[in-house]
2 protein chains.
Amino acid sequence: MARSSCAELGSENTKRCLHDTEGLPAGRLAGYAWYQRLMEKVMADAAPETVSAARCFGGTQYTFQHFSQTTDTTMRFAAFVPSQTAAGPVPVVWFLAGLTCTEENFTVKAGAQRVAAELGLMLIAPDTSPRGDGVPDDPDGAYDFGLGAGFYLDATEPPWARNYRMESYLMRELPAFVARALPADMKRQGIMGHSMGGHGALTLSLRHPGRFASVSAFAPIASPMNCPWGQKALGGYLGPSRAAWRGHDACALIEDGARLPALLVDQGTADGFLATQLKPELLESACAKAGIPLIMRRQMGYDHSYFFIATFVEDHLRWHARVFSP
Amino acid sequence: MARSSCAELGSENTKRCLHDTEGLPAGRLAGYAWYQRLMEKVMADAAPETVSAARCFGGTQYTFQHFSQTTDTTMRFAAFVPSQTAAGPVPVVWFLAGLTCTEENFTVKAGAQRVAAELGLMLIAPDTSPRGDGVPDDPDGAYDFGLGAGFYLDATEPPWARNYRMESYLMRELPAFVARALPADMKRQGIMGHSMGGHGALTLSLRHPGRFASVSAFAPIASPMNCPWGQKALGGYLGPSRAAWRGHDACALIEDGARLPALLVDQGTADGFLATQLKPELLESACAKAGIPLIMRRQMGYDHSYFFIATFVEDHLRWHARVFSP
């Protein structure tokens, strides 16, 4: 996916470059100095830009943005960098958010920084889909497909396949950025997520064995093949073949032989999506048959909100930290 | 301020009542049964209505709304009710938010419920101004006056005096609602706030001695008479007389003899409003002269955001709890 000219970098960067050269005499546009300056701009655009930085529990909470060659859009992600990085790189825990969310929800609502600061963990919270001018959205503007609903896979169907490449972005491009820009020990990574992001944490860790030493989920979509949210997303992004869907369904992946070392799941019993969309019993059954140690905690009276996540995020971060500091 | 008919209850309720009677034959509108039904509706409208409720750290996080006779608008407030209420009423800590905020910011961003759940404290977070159709706003739509910027006082100037009566709302009407609707021990109350809400916590506790057993603030506006935010607000709501302003300026109140038992303040050194708007040195000077024990903590590198509040809210809640459980 090498990109050699500004015009290939997508509409946002193209616009910026065109604007920058508008005032130049036509003759100078062909000169090497101009080309060199343009390339410097392109490279600067590709590096993460700090949107915000705030001190938080002795560390720093950042929001970055960068141009993604994978999704062909500007992407944002949040990163909490704990103070332990003064002594060297620290383990990384990824948090994948649910439908309608951005990189911001977990960052401002979960209260996870307090625990990450204690345990010396970096937290990375990416956005849930590509965004921007020209990125297609659900034709009816529904919340469960398109913008804010990337489902952590690479779409194969038009018009989604061009931008909706969240798996490649999260498994290749963003980790490379994180490794280059932040004091992260990429040999020690864990992943967790909520709802659609719980599905993401499960499927990405099953599809990329060895990448994540620890996995957990809050109210995950256990089997997208068997619920309306998932059927709409998999059908839209991957087409009608249920064989293709199996590669992005945690339960089917486990049935087909993928494995995890262990798994912690919290699920609220008052979650309005429990019976129709989440179906933790399917994950319990798949893990039981496969011999995957699953701790499934049904939390009495909790719903699907970030108040539920905030209540139990400490347990999850300790679950991840235990594998990094044996 | 007794209200005797539906039409006096303000535009929102009026609309609802008119709509409800539209289909009735004109003759029936004069009957007593209709009047009785209407009064029942008015009473129901005046009681807090549950907007949302979610289990959180073993307790419940509520958002309520009710029609306020004081502000002549529908007002929202958030309430965290800890599990200790099963054994009886618990102390209440009020949190007053800053410019642009609603009842939601502290509730979703500060992570305070974890500590309140441990200490058995109820948290009440009101909105920062009246809102709704017909409530006047800053003529230029600025963020620092009008909607989201009530400054916790009763305005005396038109057109603000009709709705902008946050002091009366917070000191009389809302506590009455809380006492009636929730398991709150109103003999044990503390108050804290952020920025404009820090100003509110300081001035309300100074103006109502004995009401709050404990007071603390995050980055408070120490002396609104001596900063642009405060001068605009006091001039707008109270008119040009600086004598009237002194009654709503923490430092002037202390100079004029008002007292607090003790005070905890956190202030970030990287707060962009520190030198121009907040001026903690004025509060230090006033407290020193008056002999008020002030713990002023300058927190290195912290800014004005909720990441700063989240980092130190545990210390503040323990500060409040210590006076309730000696």
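What you see is a predicted model; the values in this text were computed from it and never measured.

Chemist: In this structure, what is going on with the sheet that holds strand β6 (residues 184–194) of chain B? I would like to understand it.
Modeler: Backbone-to-backbone hydrogen bonds join strands into a sheet, with any given pair of strands oriented parallel or antiparallel. Taken together, nine strands build an open sheet; the order of strands is β1-β2-β3-β5-β4-β6-β7-β8-β9 (chain B) and the sheet is mixed. What marks the edges here is a single partner per strand, and that holds for β1 (49–56) and β9 (294–299) of chain B. Across the sheet, the mean angle from the axis of one strand to that of its neighbour is 20°, orientation sign disregarded. One ladder, built from seven bridges, connects β1(B) with strand β2 (residues 59–68) of chain B; its direction is antiparallel. Within the sheet, the bridge partner assigned to B:A54 lies in β2(B) and is B:Q61. Set on the sheet, helix α12 (residues 306–324) of chain A makes contact with β1 and β2 of chain B; between it and β1(B) the angle comes to about 25°. Here helix α6 (residues 196–207) of chain B sits on the sheet in contact with β4 (90–96), β6, β7 (214–218) and β8 (263–268) of chain B, set at roughly 135° to β6(B).

Chemist: I keep staring at the relation of the copies chain A and chain B and nothing clicks. Help me out?
Modeler: Copies of the same chain, two in number, are related to each other by a rotation about an axis and a translation along it. Superposing chain A onto chain B takes a rotation of 180° combined with a translation of 0.0 Å along the rotation axis, leaving an RMSD of 0.0 Å. When the rotation and shift are considered jointly, the pair of chain copies conforms to a two-fold rotation axis. Of the interface residues in chain A, 100% have counterparts in chain B that sit at the interface too, so the contact is made through matching surfaces.

Chemist: Please clarify how the pattern of salt bridges should be interpreted in this entry.
Modeler: In a structure, side chains of opposite charge can pair up when their charged atoms sit close to one another. Residue and element names in this part refer to chain B. Applying the stated criterion to the full structure yields 28 salt bridges over all chains. Between D266 and R297 there is a salt bridge; the shortest N-O distance is 2.7 Å. Separated by 31 residues along the polypeptide, D266 in strand β8 and R297 in strand β9 bring together distant segments of the chain. Judged by its relative accessible area of 25%, R297 is partly exposed. Between R298 and E284 there is a salt bridge; the shortest N-O distance is 2.9 Å.

Chemist: Which parts of the structure should I look at to understand the interface of chain A and chain B?
Modeler: Often, the extent of an interface is quoted as the loss of accessible area on bringing the components together. If you look at the interface, chain A gives 21 residues, while chain B gives 21 residues. Both sides together, the interface formed by chain A and chain B hides about 1600 Å², and carbon and sulfur atoms give 63% of it. Remark: the boundary between chain A and chain B carries zero salt bridges. Taken together, the links from chain A to chain B amount to eight residue pairs in polar contact (both at pLDDT 80 or more). Of all the elements in the fold, those that place two or more residues in the side of chain A that touches chain B are β1 (49–56), α3 (104–109), α4 (113–119) and α12 of chain A. In terms of residue class, the side of chain A that touches chain B is made up of ten nonpolar, seven polar and four charged.

Chemist: For this particular structure, what's the right way to read the environment of A:A176?
Modeler: Structurally, A:A176 can be placed in helix α5 (residues 166–181). For the pair A:A176 and A:C56, spaced 120 residues apart in sequence, the C-alpha to C-alpha distance is 25 Å.

Chemist: Honestly, the sheet that holds strand β2 (residues 59–68) of chain A in this entry has me stumped. Any pointers?
Modeler: Taken together, the nine strands give an open sheet; going across it, the order is β1-β2-β3-β5-β4-β6-β7-β8-β9 (chain A), and neighbouring strands pair in mixed fashion. The open sheet terminates on both sides in strands that have one partner only, identified here as β1 and β9 (294–299) of chain A. Strand-to-strand twist of the sheet, defined as the mean angle between neighbouring strand axes without regard to direction, takes the value 20°. Relative to strand β6 (residues 184–194) of chain A, strand β4 (residues 90–96) of chain A is paired through six bridges, and the arrangement is parallel. Looking at the pairing, A:W94 lines up with A:I191 of β6(A). α5(A) contacts β2, β3 (73–81), β4, β5 (122–126) and β6 of chain A of the sheet and is inclined by roughly 120° relative to β2(A). Contacts from helix α12 (residues 306–324) of chain B reach β1 and β2 of chain A, with the element oriented near 25° to β1(A).

Chemist: Can you help me understand the side chain of A:T85 in this one?
Modeler: Residues and elements named next belong to chain A. Summarising the element assignment, T85 is placed in the loop between β3 and β4. At 2.7 Å, the side chain of T85 and the backbone oxygen of P82 are in polar contact. Contact partners of T85, with chain neighbours within four places excluded, come to V90 and P183.

Chemist: Would you take a moment to explain helix α7 (residues 228–238) of chain B for this structure?
Modeler: Turn by turn, an α-helix covers 3.6 residues, leaving residues three or four places apart pointing in a common direction. All names here are of chain B. Among the residues of α7, those classed as buried are W229, G230, A233, L234, Y237 and L238. In an axial view of α7, the angular spread of the buried residues amounts to 110°, which keeps them on one side of the axis. On its buried face, α7 sits against α8 (242–245) and α10 (274–278). Just downstream of α7 lies G239, where phi reads positive at about 90°.

Chemist: Hey, could you run me through the packing of aromatic side chains in this one?
Modeler: How two aromatic rings sit relative to each other is set out by the distance from centre to centre and by the angle between their planes. Within the structure shown, the criterion is met by 30 aromatic pairs over all chains. Taken together, a centroid distance of 6.4 Å and an interplanar angle of 45° make the contact between A:Y302 and A:F308 tilted. Under the relative-accessibility criterion, A:Y302 is labelled buried at 6%. The exposure class of A:F308 is buried, given its relative accessible area of 0%. Between B:F64 and B:F77, the ring centres sit 5.4 Å apart and the planes meet at 40°, which makes this aromatic pair tilted. Within this pair, whereas B:F64 is found in strand β2, its partner B:F77 is found in strand β3 (residues 73–81), the two being separated by 13 residues in sequence. Just as B:F64 is buried, B:F77 falls in that class too. Cluster of aromatic residues (ring-pair linked, three or more members): A:F95, A:F106, A:F218, A:Y302, A:F308 and A:F312. When the ring centre of A:W319 is taken as reference, the NZ or CZ atom of A:R322 above it lies at 4.0 Å.

Chemist: What exactly am I supposed to notice about α6(B) here?
Modeler: All names here are of chain B. Between its first and last C-alpha, α6 extends 16 Å over twelve residues, near the 16 Å set by a 1.5 Å rise per residue. Counting buried residues along α6, eleven of its twelve residues qualify, which places the element largely inside the surrounding structure. Taken together, the buried positions of α6 are occupied by M196, G197, G198, H199, G200, A201, L202, T203, L204, S205 and L206.

Criteria and thresholds
For every chain, the first residue of the written sequence is number 1, and numbering continues from 1 along that sequence. Going through the entries in the order they are written, you letter the chains from A and number the ligands from 1. With the structure being a predicted model, the display of local features is reserved for residues of pLDDT at least 70 and the display and counting of side-chain atom pairs for 80 or more, all residues being used for whole-chain, interface and lining totals. The side-chain numbers reported here are obtained from all heavy atoms of the structure, hydrogens and water having been left aside. By this definition, two strands are paired if DSSP reports at least two bridges between them. Strands here mean DSSP runs of E at least two residues long; helices mean DSSP runs of H or I at least four residues long; both are numbered from the N terminus. Here the axes come from fitting lines to C-alpha atoms, over the contacting stretch only for helices, and the angles between their N-to-C directions go from 0 to 180 degrees. Two residues qualify as a contact provided that any one of their heavy atoms is within 4.5 Å of a heavy atom in the partner residue. Least-squares fitting of one copy onto the other uses the C-alpha atoms of those residues that reach a pLDDT of at least 70 in both copies. Basic side-chain nitrogens of Lys or Arg form a salt bridge, by our definition, when they fall within 4 Å of a carboxyl oxygen of Asp or Glu. Burial status follows relative accessibility: with a 1.4 Å probe on protein chains alone, a residue under 20% of its type maximum counts as buried, one over 50% as exposed, and anything between as partly exposed. Buried area adds together the accessible area that both of two parts lose upon being put together, with accessible area traced by a 1.4 Å probe. Pairs of N or O atoms are called polar contacts if they sit within 3.5 Å, as long as, within protein, a hydrogen donor faces a hydrogen acceptor (for residues adjacent in sequence, only side-chain-to-side-chain pairs). Under this grouping Gly is polar, as are all residues other than the nonpolar Ala, Val, Leu, Ile, Met, Phe, Trp, Tyr, Cys and Pro and the charged Asp, Glu, Lys and Arg. By definition, the arc is the one covered by directions from the helix axis to the C-beta atoms. By convention, a stacked pair of Phe, Tyr or Trp rings (six-membered ring in the case of Trp) has centres within 6.5 Å and planes under 30 degrees apart, an edge-to-face pair has planes over 60 apart, and any other such pair is tilted. Lysine and arginine charges are scored as sitting over a ring when NZ or CZ, respectively, is within 6 Å of the ring centre and within 35 degrees of the ring normal. Helix span, expected: 1.5 Å multiplied by one less than the number of residues in the helix.

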